[in-house]
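Each chain is listed here by its residues.
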Amino acid sequence: MAAPVNIVVGSHVWVEDPVEAWIDGEVSRINGLEVLVHTTKGKTVVANISKVFPKDTEAPPGGVDDMTKLSYLHEPGVLQNLAARYELNEIYTYTGNILIAINPFQRLPHLYDTHMMEQYKGAGFGELSPHVFAVADVAYRAMINEGKSNSILVSGESGAGKTETTKMLMRYLAHLGGRSGVEGRTVEQQVLESNPVLEAFGNAKTVRNNNSSRFGKFVEIQFDKSGRISGAAVRTYLLERSRVCQISTPERNYHCFYLLCAAPPEEIERYKLGNPRTFHYLNQSNCYELDGVNDGHEYLATRRAMDIVGISEQEQEAIFRVVAAILHLGNINFAKGKEIDSSVIKDEQSRFHLNMTAELLKCDAQSLEDALIKRVMVTPEEIITRTLDPVNAIGSRDALAKTIYSRLFDWLVDKINNSIGQDPNSKSIIGVLDIYGFESFKCNSFEQFCINYTNEKLQQHFNQHVFKMEQEEYTKEEINWSYIEFVDNQDVLDLIEKKPGGIISLLDEACMFPKSTHETFAQKLYQTFKNNKRFIKPKLSRTDFTISHYAGEVNYQANLFLDKNKDYVVAEHQGLLTASNCPFVVSLFPAQSEETSKSSKFSSIGSRFKLQLQSLMETLSATEPHYIRCVKPNNVLKPAIFENANIIQQLRCGGVLEAIRISCAGYPTRRTFYEFLHRFGVLAPEVLEGNYDDKTACIMILDKKGLKGYQVGKTKVFLRAGQMAELDARRAEVLGNAARTIQRQIRTYIARKEFISLRKAAIQMQSYWRGRMACKLYEQLRREAAALKIQKNFRRYIARKSYLTVRSSAITLQTGLRAMTARNEFRFRKQTKAAIIIQAHWRCHQAYSYYKSLQKAIIVTQCSWRCRVARRELRKLKMAARETGALKEAKDKLEKRVEELTWRLQLEKRLRVDLEEAKAQETAKLQETLHAMQLQIEEANVMVIREREAARKAIEEAPPVIKETPVIVQDTEKVDSLTAEVERLKASLLSQTQAAEEAKQACAAAQAQNEELTTKLGDAEKKVDQLQDSVQRLEEKLSNLESENQVLRQQALAISPTAKALSARPKTPILQRTPENGNVLNGEAKKQLDSSRALSSPRETESEEKPQKSLNEKQQENQDLLIKCISQDLGFSGGRPIAACLIYKSLLQWRSFEVERTSVFDRIIQTIGAAIEVQDNNDVLSYWLCNSSTLLLLLQRTLKASGAASLTPQRRRSTSASLFGRMSQGLRASPQSAGFSFLNGRVLGGLDDLRQVEAKYPALLFKQQLTAFLEKIYGMIRDNLKKEISPLLGLCIQAPRTSRASLVKGRSQANAVAQQALIAHWQSIVKSLNYYLKIMKANHVPPFLVRKVFTQIFSFINVQLFNSLLLRRECCSFSNGEFVKTGLAELENWCHEATEEYAGSAWDELRHIRQAVGFLVIHQKPKKTLKEITNDLCPVLSIQQLYRISTMYWDDKYGTHSVSSDVISSMRVMMTEDSNNAVSSSFLLDDDSSIPFTVDDISKTMQQIEVSDIDPPPLIRENSGFSFLLPRAE
């Protein structure tokens, strides 16, 4: 990163900050080399100009997906870009072809599902958003295309997500080339299942991570020639052996030790274990447990993982026995012996652990003790045995523990590889390297030295690869790059590994001498490397040394270097464990040669480390590398926290900044011609207005500004470090001048506007004062006029008041006189009226007295006569009341019995046989009751007759009440007696009348109740009819199920060996129909047929064979002719496919649907299959789609399963009584000859529309096959259209990026041509849609199927466009939204032109892309709330999709921003809640390739087809066997 230039006052820059690493601000003053910067945090910082870097103010707010696109490729620019993307949950970013992955510390399942894998499958690198799948896909494609092995190097510090990234890589590679592994598990699954085992024995808690891998892992995924996974292997490197014996707070030893201490009680008792604090190898640190981790559960999980990997129960027991032995071995302590430099077991506790170790390893305890404290030295003269002092004995103990653990780990790796399975014939591999990253702690020992040495080696490989990629980029663009310097770290590697004289060589040399100490080793280093610029001696230490690595300086403490580097292969240890009684322990220590076993051979861990590293580098050098740098954003391991200083350190350690330095050594800034002109075209407007191509225009702008050293390639402009800032400074100057011009014009406009407003105000004020004076004058004149009016009105008031007084007096006098006259007149009239009233009352009294006397006489006469009449009516009513009551009672009883009988009748229908006896008993009871009721009715009738006779006799015998004798008025007694008799008769008549009324009311109520019961009875009868219909329908369904069962039985019979024997029998017509209706009875006809066959003679059979054979030959010829005919294109007749109608009528005429065995169906299916073999001929496919759908419709409406009619005889009409019925009966009796009779053919043709055909198994199978062909042809047409428009859709997404460059120049003609070129791709899609619609219309494909085709095609367009929009940030822009919206308008126009009959709801299928595009082109996005977006703008889109669009959006036309940060935060919260509730889904859409209809759907939507008037083709018109096809008019 070169020193910045063109830093001026007002420039936006980055300055260093001790907390934030880098902070942005604005330059306020420059004093020589010092710059005063006001930061956005409100602080003022003074910095050297060489440490200030320019900030790109026009960088997109969401960052760029490839940091080589940054205008300023420097450390703060990289950090800011990563922070912006991480805030939007964009965890992946490219730097060239290097992928940077920041651990999100949260679940993002939508990034890794199958939909996402399909999107990246085959996509070009950089075409979609950065992703780990893209790196894996590039490696796989390179391996397939070039045949060379590839490797993916995943690096990063502990907790950065290396292991998860490795899992995702293997998942994707398994998705591309997966195969089934052992027991149904894929290779990828088996590799992942080995992770828990390797983590238990190879991972430990470190300062920065609770589950840090303390070994390197290289997973080789092997592929065969076809690109399928054929095997895999796990290679482990550089296990940290010293951790077994030495740890420090707050770290832990390997997990397996703690897991075993937390095992179930029986296992702890078996191995004599206990609390980890009691073991020396574990209690050197104060950390024994991990937060949130239960070691007991993890132990059981590890055992389960071992089971899955294939480690047997015995092997597991042996493994943990060895682990327990190591823990006991660490507790063996030594004390000084009696002799000099000798040692013995310290105490009984140590003796107990010694015995337990021997027991667990199944070796002799004394041999173990001798192996720990004695050494055998072989000299030419003799063999000398010497004892070790306590210090050396402890060293011997620790060496044995490290050796056992190392061998155990190697055995586990070999076992896992054997379980996975390797392919020795594999030529290509993809390796995934997961290894620990650069480490720098406060105390760095031998382990950190080895780890950093590994990373230096990998960094050199990385630098070479980056430099190679730079060279390829420059060569591709054809620019000169020969003078670019290569940043190399070979000097650091020489310092460490050079022979002789390297640190490792000096360390091995020091370990060879017994008297060497860490101080002598440090002094040797100081003397050897005192002039090496990479080696630094600290001033305050005598044993520390510092190495300047590529990631920074690391201070190492040499105190334990010698102890940790020693790795003796002790002969005593080897012999002890080889002689063990445990086969597992013996397998860890195979027997060695005699020469090796006689003495202890020195082995250096550093040298072995170096050899393993060389082997790893050779493997990587033989492959094409790909790099993934994992970054841990914070140390608290929580999401949404981005610690700048921590990430900068990791970028340095991961070599990302080193790669940036390599890029800065050449041309760090690269811009396409379009981007360069778009940004710097303002520097030379005349160039844009001229008629120049893009490349020439860029060169003219650069030359005009006097830049030197730049390069112009084929598609890009390459700028040296600092030139971008210089151009930006010139651009800022031009824009500043333009801003000042705009400001000047604006200020002029504001001043003029203010002057005009002042002048307007003055004029308004003058107008106001003039108006005020006029108002005062007007007010004075108005007051004078008002005074005159007041005087006039006052004088008029006085005159009128005197006049009204005189007038009121006159009126009062007149009123008094007129009142006196009126009173006199009223008094006279009142006296006259009183006299008239008195006269009237007297006259009225006289007339009324005379009237009353006459009325009384008349009433007496009338009462006498009415009494006589009433007595007669009374006798009649009594007789009628008695008769009506008896009848009503009998009727009520009968009605109740009828209801009960009706209910029992219904119950009898349901229960039938079970209630027969009960029914008989009930009937008997009802008859007895009915007989009793009849007797009662007869008795009642007799009683009525008797009462009538008695009444008649009483009337005759009674004396007459009224005699026709003259009544003497003077006879007062007779009058009184008659009057009393009349009153008595009146009372009797009234009571009889009331009784009659009550009887009438009761009768009316009984009639109403009777009518109600009659209505209920009618409803019950209707329900009974409905139930009968339901029973009949259920019986029909049952018969269909029985028929399907019979079909399945026949199919099973055809598969069984007995089918051959059945097929060998002679074919005989099966007649199972009755003469009455031609339908099958329940086995009766079958029995008769069997009996007739048994009685028939052999001669009759022989006589029938010859005509049968000739008929079969004739029918075979007709079938051949039909197949030959339909194999041609017969066309259509009135929109009906001739071939389908021809097949249907022929099969129906030949009764092929009703035979048990026939080959015509298979031949028809083979003909259709042969016709559609050419999948690209859409005309033929549409032709057969129409024919198959029509034929299937006819079969659907004609065929029914055999046996359905036998269960519903009441629904069939008997036709045997008529001539028509007898003719149809004769036809059914001879199915073989029916097709050859012209008359019979006519009759049968008339039956087609009246009845359904009972189909046998071949017919039902033919219908299923035809359905399958219909779905296949439909899918072929749909997929052909998809294939045709897929590249066009790709061009629609690509078009804005490739064609938009020509729109930069302001030429109207070029704009019109470019717009036409952009819309041409959409017009091509519309053209394809029209072409397919035309073909399907020409072939009369049912509109229902056409709608389904285009509905699925529009759904496919919606999925492709929407997914491309979400996966490509360059497509998620304002101008691209306008472009896609224009294309969608073309599709909408096509839907209107195609009409709803054929387009259907296709336009609605584009709802996702329509709403997404509407969101892209809408203005004022920051003002929109989340509720408005989700409810009004984009109700269909999910929160994940909205979040993706909102964060990826960028306005390349107007420079506007996306939605507000509050909306983004709300979306992120909702997404987090969804992920917590396990409801999260992918933001991508899935294409539905299923068949969206059924046969019933086709049957419901297609109209009835008339097949009777179809004109047959000439090929079969003249054949007599097809005479039934001719129209009836002939």
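Residues numbered from 1 in each chain as written. Predicted model: local features only at pLDDT ≥ 70, side-chain atom pairs only at ≥ 80, totals over all residues. Heavy atoms only, no water.

(A) Geometry of the overall build of the chain. In terms of regular secondary structure, the chain is built from 48 helices and 28 strands. Taking all 1530 residues of the chain together, the buried fraction comes to 44%. The contacts of the chain with a sequence gap of at least 6 include a subset with a gap of at least 24, amounting to 72%. Of the roughly 81400 Å² of accessible surface on the chain, a fraction of 54% belongs to carbon and sulfur atoms. (Helix = DSSP H or I, 4+ residues; strand = E, 2+ residues; numbered from the N terminus. Buried < 20%, exposed > 50% of the residue type's maximum accessible area, 1.4 Å probe, protein only. Contact = heavy atoms within 4.5 Å. Areas by Shrake-Rupley, 256 points an atom, 1.4 Å probe, with all protein chains shown as cover.)

(B) Up close: the sheet that holds strand β24 (residues 716–719). As summarised here, the arrangement of the 3 strands in space is β22-β24-β23, forming an open sheet in which the pairing is antiparallel. The sheet is open, and its two borders are formed by β22 (669–672) and β23 (711–712), each paired with just one other strand. Sheet analysis places β22 next to β24, joined by 4 bridges and oriented antiparallel. Opposite Thr669, over in β24, you have Leu719 as the bridge partner. (Pairing = 2+ DSSP bridges.)

(C) Spotlight on a nonpolar patch on the surface. A cluster of nonpolar residues, Ile742, Ile746, Tyr749 and Ile750, forms a patch on the protein surface that exposes about 420 Å² of accessible area. The topology assignment puts Ile746 in helix α28 (residues 723–911). (Patch = residues over 30% accessible without salt bridge, like charges linked within 9 Å, V, L, I, M, F, W, Y side chains within 5 Å. Salt bridge = Lys/Arg side-chain N within 4 Å of Asp/Glu carboxyl O.)

(D) Representation of the nonpolar core. In terms of nonpolar packing, the biggest core is built from 260 residues, with Phe201, Phe257, Ile628, Ile1325, Leu1387 and Trp1390 touching the most fellow members. Membership of the second largest hydrophobic core comes to 51 residues, among which are Tyr436, Leu506, Phe521 and Ala659. (Core = buried A, V, L, I, M, F, W, Y, C linked by side-chain atoms within 4.5 Å.)

(E) Structural detail: the sheet that holds strand β2 (residues 21–31). The sheet built from 5 strands is open, its strands ordered β4-β3-β2-β1-β5 with antiparallel pairing. Of all the strands in the sheet, the pair left with one neighbour each is β4 (44–48) and β5 (53–54).

(F) Region of interest: the packing of helix α10 (residues 313–330) against helix α11 (residues 348–361). In contact at an axis separation of 8 Å, α10 and α11 are set at 160° when each is read in the N-to-C sense. Classed by the angle they form, the pair α10 and α11 counts as roughly antiparallel. Once α10 is placed against α11, the crossing between them reads as left-handed. Residues Arg321, Ala324, Ala325, His328 and Leu329 of α10 lie in contact with α11, whose contacting residues are His353, Met356, Thr357, Leu360 and Leu361. A per-class count over the contact of α10 with α11 returns 6 nonpolar, 3 polar and 1 charged. (Axes fitted to C-alpha atoms, helices over the stretch in contact; angles between N-to-C directions. Parallel < 35°, antiparallel > 145°, perpendicular 65-115°, else oblique. Left-handed = near helix turned anticlockwise from the far one by under 90°. Nonpolar A, V, L, I, M, F, W, Y, C, P; charged D, E, K, R; others polar.)

(G) Highlighting a positive patch on the surface. Together, Lys789, Lys792, Arg796, Arg800 and Arg807 give the surface a local cluster of positive charge. In this structure, Arg800 sits in helix α28. (Lys, Arg positive; Asp, Glu negative; His and termini not counted. Charge placed at Lys NZ, Arg CZ, Asp CG, Glu CD.)

(H) Region of interest: unusual backbone geometry. Cis peptide bonds are those with omega within 30 degrees of zero, and the linkage from Thr249 to Pro250 qualifies with 5°. By the secondary structure assignment, Pro250 is in the loop between β12 (229–237) and α7 (255–261). A cis amide bond links Lys499 to the next residue, Pro500, at an omega of -20°. With respect to the helices, strands and loops of the structure, Pro500 is situated in the loop between α15 (490–497) and α16 (503–512). Located in the positive-phi region is Lys272, a residue other than glycine, with phi close to 55°. Structurally, the position occupied by Lys272 is in the loop between α8 (265–271) and α9 (295–309). Unusually for a residue other than glycine, Ala640 sits at a positive phi of about 65°. Examined against the element boundaries, Ala640 turns out to sit in the loop between β21 (624–631) and α23 (644–653).

(I) Molecular detail of the packing of aromatic side chains. Under the definition given, this model contains 36 aromatic pairs. Their ring planes at 75° and their centres at 5.7 Å tell us that Phe545 and Phe561 sit as a pair that is edge-to-face. Of this pair, Phe545 sits in strand β19 (residues 544–549) while Phe561 is found in helix α18 (residues 561–565), placing the two residues 16 residues apart along the sequence. Directly above the ring of Phe462 sits Arg629, whose terminal nitrogen or CZ lies 4.3 Å from the centroid. (Phe/Tyr/Trp six-rings, centres within 6.5 Å; stacked < 30°, edge-to-face > 60°. Lys NZ or Arg CZ within 6 Å of the ring centre and 35° of its normal.)

(J) Quick look at the side chain of Ser1189. Secondary-structure assignment places Ser1189 in helix α36 (residues 1178–1198). Using a relative accessible area of 0% as the deciding quantity, one classes Ser1189 as buried. Filtering out sequence-adjacent residues up to four positions away, Ser1189 remains in contact with Leu1270, Pro1342, Leu1345 and Met1502.

(K) Structural detail: the packing of helix α41 (residues 1343–1367) against helix α45 (residues 1439–1448). Contact geometry for α41 and α45: axes closest at 9 Å, N-to-C directions at 50°. For the element pair α41 / α45, the angle class is oblique. Contacts between α41 and α45 involve Phe1362, Leu1365, Leu1366 and Leu1367 from the first element and Gln1441, Arg1444, Ile1445 and Met1448 from the second. When its residues are assigned to classes, the contact of α41 with α45 shows 6 nonpolar, 1 polar and 1 charged.

(L) Layout of helix α14 (residues 446–477). Its 32 residues give α14 an end-to-end C-alpha distance of 47 Å, which sits within 8% of 46 Å, the value for a rise of 1.5 Å per residue. Burial within α14 is extensive, with 26 of its 32 residues counted as buried. A positive backbone phi angle near 60° is found at Glu478, which sits one or two residues after α14. (Expected span 1.5 Å × (residues − 1).)

(M) The arrangement of the environment of Leu907 in detail. Inspection of the secondary structure puts Leu907 in helix α28. For Leu907, a relative accessible area of 27% translates into the label partly exposed. Between the C-alpha atoms of Leu907 and Lys919, which are 12 residues apart in sequence, the distance is 9.5 Å.

(N) Molecular detail of the pairing of β4. Only one face of β4 is covered, namely the one carrying Val45 and Ala47; the face carrying Thr44, Val46 and Asn48 has none of its residues buried. For strand β3 (residues 34–39) and β4, the ladder comprises 5 bridges, and the chain directions are antiparallel. Its bridge partner being in β4, Glu34 is matched across the sheet by Asn48. Here β3 folds back onto β4 in antiparallel fashion, the turn holding 4 residues, of which Gly42 has a positive phi close to 95°.

(O) Quick look at the environment of Met879. Residue position: Met879 is located in helix α28. For Met879, a relative accessible area of 22% puts it in the partly exposed group. Residues Met879 and Ala951, spaced 72 residues apart in sequence, show a C-alpha to C-alpha distance of 8.8 Å.

(P) Quick look at the pattern of salt bridges. Taken as a whole, this structure holds 34 salt bridges when the rule is applied. We note a salt bridge from Lys704 to Glu686, for which the minimum N-O separation is 2.9 Å. Separated by 18 residues along the polypeptide, Lys704 in helix α27 (residues 694–704) and Glu686 in helix α26 (residues 685–689) bring together distant segments of the chain. Judged by relative accessible area, which is 44%, Lys704 ranks as partly exposed. Judged by relative accessible area, Glu686 falls into the partly exposed class, the value being 44%.

(Q) Seen up close, the pairing of β21. Within β21, 8 of the 8 residues are buried, which leaves the element mostly enclosed by the surrounding structure. What you see with β21 is no split at all: Glu624, His626, Ile628 and Cys630 on one side and Pro625, Tyr627, Arg629 and Val631 on the other are buried throughout. When strand β7 (residues 98–102) meets β21, the two strands line up parallel, connected through 4 bridges. The residue bridging Ile102 from the neighbouring strand is Val631, located in β21. Where strand β8 (residues 150–155) and β21 come together, 6 bridges link them in parallel fashion.

(R) Structural detail: the side chain of Gln1411. Within the fold, Gln1411 resides in helix α43 (residues 1407–1417). Not counting the four nearest positions on each side in its chain, Gln1411 is found in contact with Leu1433, Cys1434, Pro1435, Val1436 and Leu1437.

(S) Expanded view of the confidence of the model for the chain. On average, residues of the chain score 79 in pLDDT, and 84% of them reach the 70 mark or higher. The low-confidence segment residues 961–970 (pLDDT under 50) makes 4 contacts with residues lying over four places distant or belonging to another chain. (pLDDT = per-residue confidence, 0-100.)

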